[in-house]
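# Observations on the model geometry
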Amino acid sequence: MTDSLDPNVHPDAERESEIVAAESQIYPPAEEVVANANVPNYLELREEALKDIEAYWDARAKEFIDWYEPYEKVLDDSGAPFFKWFVGGKTNIAHNALDRHAKTWRKNKLAIIWEGEDGTLRTFSYFRLWQEVNKFANVLTSMGVQKGDTVTIYMGRVPELPIAMLAAAKVGAIHSVVYGGFSEQALADRIADAQSKVLITCDGAWLRGKTINLKDIADEAIRRSPVVQNVIVFKRTGQDVRMEAGRDFWWHELMSLPVASTNFDTVQMDAEDPLFILYTSGTTGKPKGVLHTSGGYQVYIATTLKYAFDVKDEDRWWCAADPGWITGHSYIVYAPLILGLTSFIYEGAPNFPYPDRWWKMAEKYGISILYTAPTAIRGLMRFGDAWVKRHNLDSIRLLGTVGEPINPEAWRWYHRVVGREQCPIIDTWWQTETGGFMITPTPVVPLKPGSATLPFTGIDADVVRENGESCDPNEDGYLVIKKPWPGMARTVWGDPDRYVDQYWKEFEAQGWYFTGDSARKDKDGYFWIIGRMDDVIKVSGYRLGTAEVESALVSHPDVAEAACIGVPDELKGNVIHAFCILNAGKVGDDTLVDELKKHVRTEVGPIAVPAVIEFVDSLPKTRSGKIMRRLLKAKVMGKPLGDTSTLAD
Ligand code: WT7
């Protein structure tokens, strides 16, 4: 067990009292909701599914997904923990998301409604989206992109981002979307790790009425990771950018070439062929490229969305995440399209130009389901009820949250003010690695504010002690998943050992997946997530490794050593508090604090900027030289230091 992996590391007193207070408060589902639910017998189905997960997922794979060729075997666990699902099946996610709908009545249905921050409205019917994706698939092919190649996508929140993802999937390429809020070094590391020869980006992105210079950042990243041979640039802001002849091409010019035909033969993929890589933070410095594959991922995300959010054809679904995160991959782009839904995407900031921007759009487009993060809810709650109440939100019938534990106060506000006390709140616990929702209610499950409730159908989750015994009710422990599921990550890109080490070492004897989270189960079997047990910090729901921020800090010439911890924050969930040891002769003043913040911003991105930077002469370390971040945290929070026997001095 590493120093930090200790259930007592993050004793979060506030979360503790929240859980105790909220545990007995139950919101039962309204009769009407149950009567109209897609899966009214969900609770019984959960027990049924766990008895035979292969039979259960076999049925879902046939229900939601078309296969060019059927699979021979549902689950192959012979190479565990490298599980294989739907072995031998041939499919393509773009076929299920687009091709098949373009031929039915859904041809005329809206697939995407998009509003720009400047108010621009763009809509895509299934037919039009299918054509655009075909055109771009032809562009990629003409650029030499083939099955198995990686393509890095670094764009703002524009419809061309899902178009690029779907086109990559169509040609059999592996996409790696890098969130548009990341900066030079973060992008460079991800390009280098994926070895992408093609980068798709934008000239710039709009945020709060200002432009972010994506192309400049991309140019610098390519300078640092010169594997990229071609860049495709979508024009969004019209700002001046440097285009390198022979390397850089405008999206709109390529799309008007004869080669960009509206016909494209979707490439048939094996169920276990890679679909995408998505980088996420872990315990060590280098971001991990989490790999998802073509077959099981589709089955899993379609099932989870259909059941948990009870989606119907008449819905207008709004997942207010960024397509650049797993939430967006699974629930803005792929699952809604597989299920033939209308997905709404908004480009910009929630409070621009006024704090009612979201509510105004929810009314205007008749949004029926809204899915967002607790940090966004807290941020909007701050502006007061009036901004919400001046809009008619009667179309909303379900609400959802994801990314971090939701504090019951925010839950109740969301429920009362946004949901008119009528909308169930679907609190979904999951991870980049799990592909889709793992612990979540559906509208028929009685809710407790702050609890993600119960594991999904076919998911065997538990809270256990270090030795693998199940914890008693209300005892904190390790959150584990005991059986495989189709949406699980298959490996860490280029580093299978790291995959085994990160997720399968902790409970190797039992063969369980360790999530990295601590949790407890109450007497009703409801799960309460407490937080990360490793060196991962959730800032505004974004996942950051302490190591990433620390390596950005020490890349500054004045900094010798750095350590970062997460400190609870009312709005952001956590903020980063950094400790730096400076090189001899350097002075730690306010100017340097500002300079270091700026440095982290340009190296990693704005989300990684520490709220506090403190200069110190030494850092507490174990005798083996590992920084004991829990001692730093205890000190900042004015808590007892606990066991210090491994401290070097
Ligand atoms: C970590 C995974 C999965 C999409 C967004 C985050 C935390 C996620 C919840 C929730 C409490 C949550 C966990 C998890 N988390 N959802 N509903 N309640 N905590 O994906 O960036 O891979 O982060 O987010 O700590 O391990 P991610």
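Because the structure is a prediction, the values reported are computed rather than measured.

On to the overall build of the chain. The helix and strand inventory of the chain stands at 20 helices and 30 strands. Relative to the compact-globule value of 26 Å for 649 residues, the chain shows a C-alpha radius of gyration of 24 Å, a close match. Expressed as a percentage of the 649 residues in the chain, the buried residues total 62%. The contacts of the chain with a sequence gap of at least 6 include a subset with a gap of at least 24, amounting to 72%. Carbon and sulfur atoms provide 50% of the accessible area of the chain, an area that totals close to 24200 Å². Distance between charge centres in the chain, computed from 72 positive and 90 negative side chains, equals 4 Å.

What follows is about the sheet that holds strand 30 (residues 612-615). Read across the open sheet, the three strands follow the order 28-29-30; overall the sheet is mixed. Each edge of the sheet is formed by a strand with only one pairing partner; in this case those strands are strand 28 (559-569) and strand 30. Across the sheet, the mean angle separating the axes of adjacent strands is 25° when strand polarity is ignored. Alignment of strand 29 (residues 573-582) against strand 30, held across four bridges, turns out to be parallel. Paired with Phe579 across the strands is Glu614, a residue of strand 30.

Once that is clear, we can look at the packing of aromatic side chains. By the definition in use, this model includes 45 aromatic pairs. Ring centres of Tyr307 and Phe456 lie 5.9 Å apart, and the angle between their planes is 45°; on these two criteria the pair is classed as tilted. Taken together, the positions of Tyr307 in helix 11 (residues 296-308) and Phe456 in the loop between strand 20 (425-428) and strand 21 (461-464) put the pair 149 residues apart, joining distant regions of the chain. Look at Tyr307 and you get buried, because its relative accessible area is 7%. The buried category is assigned to Phe456, whose relative accessible area is 1%.

With that settled, the discussion passes to the site of the ligand. Surrounding the ligand, one finds 17 residues, the nearest of these being Asp427, Thr428, Thr432, Lys538 and Arg543. Thr428 has a polar backbone atom sitting 2.7 Å from a nitrogen atom of the ligand. At 2.9 Å, a side-chain N or O of Asp517 approaches an oxygen atom of the ligand. Protein contacts shield 95% of the accessible area of the ligand, which totals 550 Å² for the unbound molecule. Only helix 12 (326-338), strand 20 and strand 25 (527-532) provide two or more residues apiece to the shell around the ligand.

The seven strands lie next to each other as 5-4-17-16-18-19-20, forming an open sheet whose pairing is mixed. The open sheet has two edge strands with one neighbour each: strand 5 (121-125) and strand 20. Averaged over all neighbouring strand pairs, the angle between strand axes comes to 20°, with direction disregarded. Note that strand 19 (residues 398-402) and strand 20 share four bridges and pair parallel. Each bridged residue has a counterpart across the sheet, and for Val402 the counterpart in strand 20 is Thr428.

Turning to the pattern of salt bridges, a few remarks are in order. One pass over the full model with this rule turns up 54 salt bridges. Notably, a salt bridge pairs Lys109 with Asp313, separated by 2.5 Å at the nearest N-O pair. Of the two residues, Lys109 sits in the loop between helix 5 (93-99) and strand 4 (110-115) while Asp313 sits in the loop between helix 11 and strand 16 (316-319), which places them 204 residues apart along the sequence. Residue class for Lys109 comes out buried when judged on its relative accessible area of 10%.

What follows deals with the environment of Lys633. Structurally, Lys633 is set in helix 20 (residues 629-636). The class for Lys633 is buried, based on a relative accessible area of 13%. As a C-alpha pair, Lys633 and Cys564 span 69 residues in sequence and 9.2 Å in three-dimensional space. A polar contact is formed between the side chain of Lys633 and the backbone oxygen of Gly566, at a distance of 3.2 Å.

Attention shifts here to the layout of surface pockets. Any empty space left between atoms is shown by rolling a water-sized probe over those atoms. Reported here for the second largest pocket is a volume of approximately 430 Å³. Lining the second largest pocket are 22 residues, with Ala30, Val33, Arg397, Gln422 and Pro424 positioned closest to its centre. With three residues, helix 2 (residues 31-36) is the largest single contributor of residues to the lining of the second largest pocket. The class makeup of the residues in the lining of the second largest pocket is 12 nonpolar, four polar and six charged.

Inspection of the secondary structure puts His556 in the loop between helix 18 (546-554) and strand 28. The exposure class assigned to His556 is buried, which follows from its relative accessible area of 5%. If we skip the residues at most four places from it in the chain, His556 touches Leu592, Glu595, Leu596 and His599.

Moving on to the confidence of the model for the chain. Looking at the chain as a whole, the pLDDT averages 94, with 98% of positions reaching at least 70. Every residue in residues 1-11 is under pLDDT 50, and counting partners more than four places away or in other chains gives 26 contacts.

Residue Pro81 follows Ala80 across a cis peptide bond; omega there is 5°. Mapped onto the elements, Pro81 comes out in the loop between strand 1 (73-76) and strand 2 (84-87). Pro353 follows Phe352 through a cis peptide bond whose omega is 0°. The topology assignment puts Pro353 in the loop between strand 17 (342-346) and helix 13 (357-365). Unlike most non-glycine residues, Glu421 shows phi in positive territory, near 60°. In this fold, Glu421 is placed in the loop between helix 16 (408-418) and strand 20. Judged by relative accessible area, which is 53%, Glu421 ranks as exposed. With a phi close to 65°, Thr453 is a non-glycine residue in the positive phi region. By the element assignment, Thr453 lies in the loop between strand 20 and strand 21. On the basis of relative accessible area, Thr453 is assigned to the buried category, the value being 0%.

Moving on: the nonpolar core. Ranked by internal contacts, the top residues of the largest apolar core, which has 169 residues, are Phe136 and Ile200. In terms of residues, this core owes the most to one element, helix 7 (residues 160-171), which gives nine residues. The contact partners of Ile200, leaving out residues within four places of it in the chain, are Phe136, Leu140, Val151, Thr152, Ile153, Tyr154, Met155, Ala164, Ile232 and Trp251. Among the nonpolar cores identified, the runner-up in size contains 30 residues, and Ala320, Ile367, Ala376 and Ile425 belong to it.

Rules and cut-offs
Residues numbered from 1 in each chain as written. Predicted model: local features only at pLDDT ≥ 70, side-chain atom pairs only at ≥ 80, totals over all residues. Heavy atoms only, no water. Helix = DSSP H or I, 4+ residues; strand = E, 2+ residues; numbered from the N terminus. Rg over C-alpha atoms; globule rule 2.2 N^0.38 Å. Buried < 20%, exposed > 50% of the residue type's maximum accessible area, 1.4 Å probe, protein only. Contact = heavy atoms within 4.5 Å. Areas by Shrake-Rupley, 256 points an atom, 1.4 Å probe, with all protein chains shown as cover. Lys, Arg positive; Asp, Glu negative; His and termini not counted. Charge placed at Lys NZ, Arg CZ, Asp CG, Glu CD. Pairing = 2+ DSSP bridges. Axes fitted to C-alpha atoms, helices over the stretch in contact; angles between N-to-C directions. Phe/Tyr/Trp six-rings, centres within 6.5 Å; stacked < 30°, edge-to-face > 60°. Near = heavy atom within 4 Å. Polar contact = N/O pair within 3.5 Å; in protein donor to acceptor, adjacent residues only side chain to side chain. Salt bridge = Lys/Arg side-chain N within 4 Å of Asp/Glu carboxyl O. 1 Å grid on protein atoms, 1.4 Å probe; cavity = no way out; pocket = protein on both sides within 12 Å on 5 of 7 lines; lining within 4 Å. Points joined across faces, edges and corners; volume = space filled by probe spheres on them. Nonpolar A, V, L, I, M, F, W, Y, C, P; charged D, E, K, R; others polar. pLDDT = per-residue confidence, 0-100. Core = buried A, V, L, I, M, F, W, Y, C linked by side-chain atoms within 4.5 Å.

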